[in-house]
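# Report on the structure
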Amino acid sequence: MTDGILKADKVVYSYSRKGPKVLNEMCIDIPKGKKTALLGCNGAGKSTLFSVLNALYKPNDGVVYYDGKSLTYKHKDIIKMRTDVSILFQNPNDMMFKPYVWQDVAFGPENLKLPKEEVQKRVDEALFTVGMEKYRESPIMKLSYGQRKRVTLAGVLAMEPSVLIMDEPTAGLDPQMAYEVMEIAEQLNSKGVTVVMSSHDTDLTYSWADEIRVLDGGKCMYAGAPEPFYSDHRMVQKAGLMRPSVFMMNKALSDLGRCDLEPFPKTQTQLAVKISDCADREFGKLYIVKVDRDVDIEPVLESNSLKGKSTGVYGISTRISLNRTGFVPDFYYNGPENCTMKCLDGHDAVLLCDPSMVATARSSVDFINSNGYGNITVQEIDPKA
Amino acid sequence: MDNIFELHDVTFAYNPRFPPILNGFSMNIERGVRTAILGCNGAGKTTFFNTLTGVNKPQAGEVLYNGEQIEYTKAGLMKVREDVAVVLQNPDEQIFCSLVEEDVAFGPLNIGLDREEVERRVDRALKDVRMVGFNRRPLQQLSGGQRKRVAIAGALAMQPKLMIMDEPTAGLDPQAAVEVMELAEKMALKGVTVLISTHDIDLAYKWADRSNVLLNGKIDFVGSSDDFYVNAENVYECGLLAPSIFNTNKEVSAIKKMDMAPFPHNMAEFVAKFGASKRSGKLCLVPTTVEDCVAKFEEMTKDVKDAAVGIYGSEVRFELLDRDIEFMFEGLESCFTQAVKGRDAILFYDEIYAPTIQKQIDRIKEFGFDLDYEVVA
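Residues numbered from 1 in each chain as written. Chains lettered and ligands numbered in written order. Predicted model: local features only at pLDDT ≥ 70, side-chain atom pairs only at ≥ 80, totals over all residues.

The next thing to look at is the overall build of chain B. Within chain B one finds 15 helices and 14 strands. A globule of 377 residues ought to have a C-alpha radius of gyration of about 21 Å, and chain B, at 22 Å, matches this closely. Principal axes of the C-alpha set define a box for chain B whose edges measure 65 × 55 × 35 Å. Counting every position in chain B, which comprises 377 residues, the buried fraction comes to 54%. The long-range fraction of contacts in chain B, counting pairs at least 24 apart against all pairs at least 6 apart in sequence, stands at 70%. (Helix = DSSP H or I, 4+ residues; strand = E, 2+ residues; numbered from the N terminus. Rg over C-alpha atoms; globule rule 2.2 N^0.38 Å. Buried ≥ 20, exposed ≤ 12 C-beta atoms within 10 Å, placed from the backbone. Contact = placed C-beta atoms within 7 Å.)

Next comes the structure, spelled out in structure tokens:
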């Protein structure tokens, strides 16, 4: 409990004096610098907890700690808290104030009294990150639900928070956009941002989260790694949840003796390799090219004789470069997984990767190699070296 | 073909100065078919739904309901709306009243049903969405997921012929999502045509007979989901991704040099394809009614030690809610999975689901697995 950046100690909260305690002596900690998924059924208290952790609600009882200090709810404290801790609410309409897209994104940074150029830069960058740069001048009224959701995400990104809380960030988004949001969350975390996410999509959070916290009836019923929780089917059922499909497939096949239970695969590719028993076949080679925003992709591929191989992208710097140079990859989504799959199939693949995202990009290959499911050679190429 | 709705070359724009949302859009909705409407944000799904209910009047093209063109008069629209119920993505857009029971009763009262019938329907609907005891609760004190359940109850209480569900599971926790899909299945079995749009592709893949895919205000694909997802390039262009079980099947089949077909659509079928036990567990399938399910449950589980127990359907779940049951949710899929894994299993289900159970038995056979089952009538 020592390195929790946000902590609630016996926090009680109810919306009205006679109403039920939505948070009932809740004790919870959010580990610093990690990816934490907050799970629980409807009405378990997830959104209320978020509002308490952001100092929007003051608890009836108990203490909230931020970075080791208890929150006093003095004006200065609250401002500091809200500058550092940003929330992306479930419903975008709850958090849009301004008539035009760029104004809405600029609202937060302007409130921080940042210089005009800095605000501009942050707005442009944030809109690009969420793929809404073309809608800069559009009226918010004209946007669809999914587009609004992206604009609100941009508004939160422009605050450059050190803790990002996301309440159901993918609800209402189509699968590609949902994937993009998860990539953004991954990217922020790789820069040191603590990310907390509530989601009913257990498949999505399972491959993403380092840690889970499970709420039930206003209390935290489980804190720790996902696997011990999901292994206890009764506890999962009591919490109103279902088990992730990758977890279940792995468990079903290990129960049948087709594979060991551990290590736990987190993604489809990891599962597929684990149950296919293919260690002795020919594998392709994986080239991970570090593509920063100012790197031109074509010449790098040319000079390393990588032209003609399947390509995937991963991370925002690479996407900026892609946008600038007009390069068209084979795998725009799920780059690391798709490239790994190519290698398993015996073909070489090139992953164009944001330099800060290499470790995450390697996770499936590392899973395969270190557990003896295969032997995929990885070569990292840094055009700036 | 028996179509409940036909759209021919429909064009619709919210504002004539902007490009149309539906652009030369044609689609048939076949009666009784479980249809998933897929497409990325902005593809035109919600606009299409509003065209079916007559909320949007197209600028060009025709909308036929039961073979007749919709009349955009009060009487004409009333005729459509008595038969067609909609669950909107955002429950707050369709909740009018301050108390739960008032809101669920709103639709039935509006079509002139008597008090008693309305009360019966409200009770039934609240049971179906597991919101019993919330009758007199103010809606504003409910969580987002609870409000969504109330909105679904309101649509159920209308007993529609066509049920349109726009993202019915968005914002619902996983167990509630499973229950909603059970309800959708039950309606389909009762002869209601159910249309679901969802971004939860895994869910749609398990449930739908047919996928209709929209792209830029036009129809991109109509057919079986497998035929759609096989074409990865087109899936990508439509802004979608393939379901996880489809992908895993594709990858394992590729590595093992196996045929992708037959395509497993759930866990039981996946295990049957890639790792089934040599001997099937004994699967007892027990259809139940409200009256006999408790007695049957007690009788059948009396001497059982190792068998898995699961339930399927809102009625049996309501009656057995306080029991200790291993698979309170997704019982159908779980019990079949257990049997395929070689463990005995007992499944209690609302009797209306008999055809769904039979379909699952047949599907498991397609994977070459010899399932040892018995229907205990």
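Glancing now at the interface of chain A and chain B. Contact with chain A, which involves 46 residues of that partner, is made by 45 residues of chain B. Elements that contribute at least two residues to the side of chain A that touches chain B include exactly α5 (145-157), α6 (175-190), α7 (202-208), α9 (233-238), α10 (245-255), α11 (268-276) and α14 (335-344) of chain A. Residues of the side of chain A that touches chain B, tallied by class, amount to 22 nonpolar, 18 polar and six charged. (Nonpolar A, V, L, I, M, F, W, Y, C, P; charged D, E, K, R; others polar.)

Residue and element names in this part refer to chain A. Spatial ordering of the open sheet is given by β6-β7-β8-β3-β9-β10, a layout of six strands whose pairing is mixed. Sheet topology places β6 (85-88) and β10 (219-224) at the edges, where each strand pairs with a single neighbour. The sheet shows a mean angle of 15° between the axes of neighbouring strands, taken without regard to direction. Pairing between strand β7 (residues 163-167) and strand β8 (residues 194-198): five bridges, direction parallel. Note on β8: the bridge partner recorded for M166 is M197. The strands that helix α1 (residues 46-53) touches are β3 (35-39), β6, β7, β8 and β9 (211-216); relative to β7, the one it contacts most, it runs at about 155°. (Pairing = 2+ DSSP bridges. Axes fitted to C-alpha atoms, helices over the stretch in contact; angles between N-to-C directions.)

Residues and elements named next belong to chain A. The four strands are arranged β12-β13-β11-β14 in an open sheet whose pairing can be described as parallel. The strands lining the two open edges of the sheet, one partner per strand, are β12 (310-314) and β14 (378-381). The sheet shows a mean angle of 20° between the axes of neighbouring strands, direction not considered. Where strand β11 (residues 286-290) lies against strand β13 (residues 349-353), five bridges are found, and the strand directions are parallel. Note that in β13 the partner of K290 across the bridge is C353.

The next subject is unusual backbone geometry. For the peptide bond that leads from E262(A) to P263(A), omega is -5°, which places it in the cis range. Among the structural elements, P263(A) can be located in the loop between α10 and α11. In this structure, P262(B) follows A261(B) across a cis peptide bond, with omega equal to -10°. If you trace the backbone, P262(B) turns up in the loop between α10 (244-255) and α11 (267-274). Of note in this structure, S305(A) is not a glycine but carries a positive phi near 55°. Since 8 C-beta atoms lie within 10 Å of it, S305(A) is described here as exposed. Of note in this structure, K257(B) is not a glycine but carries a positive phi near 55°.

Attention shifts here to the domain arrangement of chain B. All names here are of chain B. Structurally, chain B comprises domain 1 (3-237) and domain 2 (272-375). Put simply, the middle of domain 1 and the middle of domain 2, counted by C-alpha atoms, are 30 Å apart. Listed by contribution, the elements that provide at least two residues to the side of domain 1 that touches domain 2 are α4 (115-128) and α6 (174-189). For the side of domain 1 that touches domain 2, the leading source of residues is α6, giving eight residues. A breakdown of the residues in the side of domain 1 that touches domain 2 according to their chemical character gives three nonpolar, one polar and six charged. (Domains from an automatic or database assignment.)

Residues and elements named next belong to chain A. Where helix α3 (residues 101-111) contacts α5, the axes come no closer than 7 Å and their chain directions differ by 35°. Two packed elements cross with a definite hand, and for α3 against α5 that hand is right-handed. Contact residues: α3 offers V101, D104, V105, F107 and G108, while α5 offers V151, A154 and G155. Looking at the contact of α3 with α5 residue by residue, the class counts come to five nonpolar, two polar and one charged. (Left-handed = near helix turned anticlockwise from the far one by under 90°.)

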